[in-house]
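Residue strings, one per chain:
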Amino acid sequence: MQFITHLPGSSALVLDSPHSGTAYPPDFLPACEMRTLRQAEDTHVEKLYDFAPGLGVHWIEAHFPRSYLDVNRNTTEMDVTLFDAPWPGPVETDPKILSKVRLGKGLIWRTTDDGVPIYGRKLAVAEVQVRIDRCWTPYHAAVAQAIDTACQQHGYSIHINCHSMPAIASSHSTDFPGEKHADFVVGDRDGSTANKALSRLVCQHLGELGYTVSYNHPYKGVELVRRHSDPARHRHSIQLEINRKLYMDEATLEITPGFEALKAHLRSLVSLLLKTDPRLL
């Protein structure tokens, strides 16, 4: 199967969709029902942005599901209780970084957002290493290459890490279970992954379109924006979360009538970012 798509662009803008994959590899072998597992997907996010490559935007997309391997985690964010043998590589020990692992959401998920166990077996170390080689390594390499190319050509890059979120936080998805989410959450890890003026511009544009916008709560951005940003070198990364109620039925995963209006507004945001040089903000 094809694990990722990387479409090189000509602009300074890089978009990636790490969690919209719906191709479940045959070696996954989950124990929970597929309809339960599919609730983890950022379903249809890649369709919301399918106009972007035509505008010269660099595009990277995962086809595997995040419940199989979550590329928005570091390879050290391991839940070692999942394995049938000791993990041979480094394992994160910082309690703050391990917050997602405690929720069952490390590199390899232990549970769904509602706390349902994903596996009825221990995972072999070798099969997890294969997942990293097939999924994590090429995905991060593609994002890095796109950002490098954008910077070489334009002197800066703007990277938007594209996600969706449930209307109401599930029990095991964040540290704020039951919280009603805004229409959008803009995250830059408290200004460490992007120029705050750029993040404010994104917030302002979405607000002017009539959406409710939250900044760095409850999603600040995780590994993809952390690893691939360096604002001091004009490499800016922002995680953008879209409330699924705006475009899909969360129970059936079907697209709803709000999809096209939302897509048009996202196109307006992309058009704005294509004209924005963060060095001038």
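Located above this text is the structure these notes cover.
Residues numbered from 1 in each chain as written. Predicted model: local features only at pLDDT ≥ 70, side-chain atom pairs only at ≥ 80, totals over all residues. Heavy atoms only, no water.

**Comments concerning the environment of S157**
No. 1: Turning to its location among the elements, S157 is positioned in strand β4 (residues 157–165).
No. 2: When the C-alpha positions of S157 and D183 are compared, they lie 26 Å apart, and in sequence the two are 26 residues distant.
No. 3: Beyond its immediate stretch of four places on either side in the chain, S157 contacts A12, I147, A150, C151, H234, R235 and H236. (Helix = DSSP H or I, 4+ residues; strand = E, 2+ residues; numbered from the N terminus. Contact = heavy atoms within 4.5 Å.)

**A few points about the environment of G9**
No. 1: Topologically, G9 is positioned in the loop between β1 (4–7) and β2 (13–17).
No. 2: Here G9 falls in the buried class, since its relative accessible area comes to 19%.
No. 3: For G9 and T43, which are 34 residues apart along the polypeptide, the C-alpha to C-alpha distance reads 24 Å.
No. 4: Those residues within four positions of G9 in sequence are excluded, and the remaining contacts are G56, V57, H58 and Q153. (Buried < 20%, exposed > 50% of the residue type's maximum accessible area, 1.4 Å probe, protein only.)

**Describing helix α5 (residues 196–208)**
No. 1: In this model α5 runs 18 Å from its N-terminal to its C-terminal C-alpha over 13 residues, within 8% of the 18 Å that 1.5 Å per residue would give.
No. 2: For α5, every residue scored as buried is listed here: A197, L198, S199, V202, C203, H205 and L206.
No. 3: Looking at the buried residues of α5, the elements they touch are β4, β5 (184–187), β6 (213–215), β7 (235–243) and α7 (259–274).
No. 4: In this structure N195 caps α5, since a side-chain oxygen of it lies 2.8 Å from the backbone nitrogen of A197.
No. 5: Positioned one or two residues after α5, G210 has a phi angle of 100°, which is positive. (Expected span 1.5 Å × (residues − 1). Polar contact = N/O pair within 3.5 Å; in protein donor to acceptor, adjacent residues only side chain to side chain.)

**Remarks on the packing of aromatic side chains**
No. 1: According to the stated counting rule, one finds 7 aromatic pairs in the structure shown.
No. 2: Arranged with centres 6.3 Å apart and planes meeting at 35°, the rings of Y49 and W59 form a pair that is tilted. Linking Y49 in the loop between α2 (45–48) and β3 (58–62) with W59 in strand β3, this pair joins segments that are 10 residues apart in sequence.
No. 3: Here Y49 falls in the buried class, since its relative accessible area comes to 2%. (Phe/Tyr/Trp six-rings, centres within 6.5 Å; stacked < 30°, edge-to-face > 60°.)

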